[in-house]
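Tertiary structure, described
So the chains spell out like this:
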Amino acid sequence: MSKNIWLLTEERPKKAVIQAILKRFCAEFGVEYVGDIKILPVISPEGRFQFRYKVIGFEAELVKEIFILPVSGYSSFVDFMLFYQDEQPTDKDKPLLLIEETKTDDVESRNTGVYQRCSKFVFTEFFYPNVQKIMLYNRQIPQKVKPTLTYIFGTRMLLTLDVEIIGKSLDPEIFRPFSRLDELIDLKNSMPKPYNGVPVRIKKEQDKIYISAKLEKAGRLAHDPNIGMVAIMAACIRKLGWSGEIIITKHGLADQSVVGNKNKFNFIAHEHEIELEGITLPNVTLPDKYWKVEKEKEKAGTIFVHVICENLVDGVSIYENHGGSERGYFWDHSTIPPMYEAVKKYTNREEYKSGNKEAIVYIPDLVLLDVKRNEIINIEGKTYKNRLKGVQELSNYVYFELNYIQHYYKDSKLAVGLVLAGSGNAEVAKQIPELILYLDDKGNITLGDRAPQLVKDAVEKLSSL
DNA sequence: CTGAGTCGTCATTTCATGGT
DNA sequence: ACCATGAAATGACGACTCAG
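Cut-offs used in this document
- Residues numbered from 1 in each chain as written.
- Chains lettered and ligands numbered in written order.
- Predicted model: local features only at pLDDT ≥ 70, side-chain atom pairs only at ≥ 80, totals over all residues.
- Heavy atoms only, no water.
- Helix = DSSP H or I, 4+ residues; strand = E, 2+ residues; numbered from the N terminus.
- Buried < 20%, exposed > 50% of the residue type's maximum accessible area, 1.4 Å probe, protein only.
- Contact = heavy atoms within 4.5 Å.
- Near = heavy atom within 4 Å.
- Polar contact = N/O pair within 3.5 Å; in protein donor to acceptor, adjacent residues only side chain to side chain.
- Nonpolar A, V, L, I, M, F, W, Y, C, P; charged D, E, K, R; others polar.
- Pairing = 2+ DSSP bridges.
- Axes fitted to C-alpha atoms, helices over the stretch in contact; angles between N-to-C directions.
- Patch = residues over 30% accessible without salt bridge, like charges linked within 9 Å, V, L, I, M, F, W, Y side chains within 5 Å.
- Areas by Shrake-Rupley, 256 points an atom, 1.4 Å probe, with all protein chains shown as cover.
- Salt bridge = Lys/Arg side-chain N within 4 Å of Asp/Glu carboxyl O.
- Lys, Arg positive; Asp, Glu negative; His and termini not counted.
- Charge placed at Lys NZ, Arg CZ, Asp CG, Glu CD.
- Core = buried A, V, L, I, M, F, W, Y, C linked by side-chain atoms within 4.5 Å.
- Domains from an automatic or database assignment.
- Buried area = accessible area lost by both parts, 1.4 Å probe.

This paragraph deals with the side chain of Asn-226. Within the fold, Asn-226 resides in helix α6 (residues 224-239). For Asn-226, a relative accessible area of 10% puts it in the buried group. Not counting residues up to four positions away in its chain, the partners in contact with Asn-226 are Ala-213, Lys-214 and Leu-215.

The next thing to look at is unusual backbone geometry. Following Ile-336, the chain continues to Pro-337 via a peptide bond in cis, the omega torsion being -5 degrees. Structurally, the position occupied by Pro-337 is in the loop between β17 (329-332) and β18 (339-342). Positive phi values are uncommon outside glycine, yet Lys-250 reaches one of about 55 degrees. Along the chain, the position of Lys-250 falls in the loop between β13 (245-249) and α7 (264-272). Of note, the phi angle at Asn-374 is positive, near 50 degrees, even though the residue is not glycine.

This part takes up the protein's contact with DNA strand C. The local shell around DNA strand C holds 27 residues, among which Thr-150, Asn-196, Lys-214, Tyr-346 and Lys-353 are the closest. Among all atoms of DNA strand C positioned within 4 Å of the protein, those belonging to sugar or phosphate total 69%. A distance of 3.2 Å is found between a base oxygen of DNA strand C and a side-chain nitrogen or oxygen belonging to Arg-110. Asn-226 is positioned with one of its side-chain polar atoms (N or O) 2.9 Å from a phosphate oxygen of DNA strand C. Mapped onto the surface near DNA strand C, the elements with two or more residues apiece are α2 (110-114), α4 (149-160) and α9 (349-353). Among the residues making up the surface near DNA strand C, the classes are represented as 10 nonpolar, eight polar and nine charged.

Read from one edge to the other, the open sheet built from six strands follows the order β16-β19-β20-β21-β22-β23, with strand pairing classed as mixed. Looking at which strands have only one partner, the edges of the open sheet turn out to be β16 (315-320) and β23 (445-447). Strand-to-strand twist in this sheet, taken as the mean axis angle between neighbours without regard to direction, amounts to 25 degrees. One ladder, built from four bridges, connects strand β21 (residues 413-421) with strand β22 (residues 435-439); its direction is parallel. Bridging across to β22, Ala-421 finds its partner in Leu-439.

The next point concerns a positive patch on the surface. The grouping of Lys-345, Arg-349, Lys-353 and Lys-357 at the surface amounts to a positive patch. Topologically, Lys-357 is positioned in the loop between α9 and β19 (366-370).

A full pass over the atoms with the stated rule returns 26 salt bridges. As a salt-bridge pair, Lys-133 and Glu-125 come within 2.8 Å of each other at their nearest N and O atoms. In this structure Lys-133 comes out as buried when scored by relative accessible area, which is 6%. Take Glu-125: its relative accessible area is 26%, and that puts it in the partly exposed class. Asp-457 is paired through a salt bridge with Arg-373; the nearest N and O atoms lie 2.6 Å apart. Of this pair, Asp-457 sits in helix α13 (residues 453-462) while Arg-373 sits in the loop between β19 and β20 (375-383), placing them 84 residues apart in sequence. Its relative accessible area of 32% is what places Arg-373 among the partly exposed residues.

To continue, consider the nonpolar core. Counting residues in each nonpolar core, the largest one holds 72 residues, and the members touching the most others are Met-81 and Phe-265. Sorting elements by how many residues they give to this core places α6 first, with 10 residues. The residue makeup of this core includes at least three contributed by each of domain 1 (1-95) and domain 2 (103-286). Not counting residues within four places of it along the chain, the set of residues in contact with Phe-265 comprises Leu-215, Leu-221, Ile-227, Val-230, Ile-274, Leu-276 and Leu-281. Ile-18, Ile-379, Ala-451 and Val-459 belong to the second-largest nonpolar core, a separate cluster that totals 52 residues.

Turning next to the domain arrangement of chain A. For chain A, the domain assignment lists domain 1 (1-95), domain 2 (103-286) and domain 3 (295-462). Here the C-alpha centroids of domain 1 and domain 3 sit 26 Å apart. Listed by partner, the interface residues are 16 residues for domain 1 and 22 residues for domain 3. Buried area between domain 1 and domain 3, summed over both chains or domains, comes out near 1600 Å², and the portion from carbon and sulfur atoms is 59%. Of all residues in domain 1, Arg-12, Phe-51 and Tyr-53 bury the most surface against domain 3, accounting for 37% of the area lost on that side. Our count for the domain 1 to domain 3 interface comes out at one salt bridge. At the level of elements, β2 (38-43) and β3 (49-56) are the ones that each hand at least two residues to the side of domain 1 that touches domain 3. The element contributing the most residues to the side of domain 1 that touches domain 3 is β2, with five residues. Residues that form the side of domain 1 that touches domain 3 fall into these classes: eight nonpolar, two polar and six charged.

Structure representation (structure tokens):
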């Protein structure tokens, strides 16, 4: 047996994470994982990017080729879906693995470390029932030795839904699925009450279960950790056989108007029949599709540049922020091993808090180091549509350049420019003096006249792939 | 086309206070 | 004084949607 692997993701394909997933895939078939990998774009004979990447360097009889397919979800989307089949997946196909990744450990945050991502697994179950689900802890720090009750409770709920935990070692005596509803209720209710906030408590009556949990954030139904927590509690309660009512109390939501319509919680509440005390939830139906192939978003461009510069030429990423939510580190590669520093959010925190929104640190989307030429390339990513906004933003990075780039790379040259993506006119894009590269929705690649040599070299090499 | 509001994402930091 | 812990607050930012 030998098929292709397709990895669908909204994120930049990171080598370490891809390797962890391939390792897990191998375990599924009892095979040893071997190989150091490279990630390359797939280019047509006419030189167009095919909106998929190819992983090379992985040798196993099970696998013909490994492709990474950039996608976007219509609502709550897991970090990776793995399909094991020859044809490019469509929404009719069923994945082999669903993978959610996090860096947060128990010691950094109790609730966001375990609850915040739970809604993903509950949500995907509606689209892909009984597919193997995986929580991948991609920790940067050592695992906390003694787990907190919050972590134990959350993880046992994940195990109850057959989610597999990798990247952490778990004592099987403590971390086991709940087998009875009362076991789950008793554990939560036995936890010490917090010194502030709404204590989460479960009260079971004849045909009603009440869960107290705050769901309001900034006046709306948007309290992420608790949305995840309530979602998985309800899913577990249903799985353990409860068919009575589940009612959320002390949620802090004023009235229906703040509940919204297409909120992911509404879908979950609808499927698992969760009620909010004093509020009638909208009657929603799930989106009919879970994902689509992505060719238009701004990160299509920056990810493409990132991948080709790291895998085809001597480029190294020293800062990345594709999409804006992940933790941003600035890397100093002049030391061995390289050191990183978390980039500050404000030039002056007090000033920002007291209303001066200028006191923020403007950050670029991607910063590359051309090792051979000792040149830094500071990149802002934008859609073609927003290209002019992008040009304006290039002048915002003075603080970042001064305090990070030039601080750590004193003797390096600095280039600044724009990477565009999405449908548009290549001739118009080429007129922009700051243009480094433009990747349109057909996969055409246009280099800016003043693009740094690193990017030019990388594009040059594409023709030989 | 523009701008305001909504939504999803994810990590970091803070709060309040009992225990050591 | 400091640590641990359940829970909340903060906040950046792109993608959408919708009114005007």
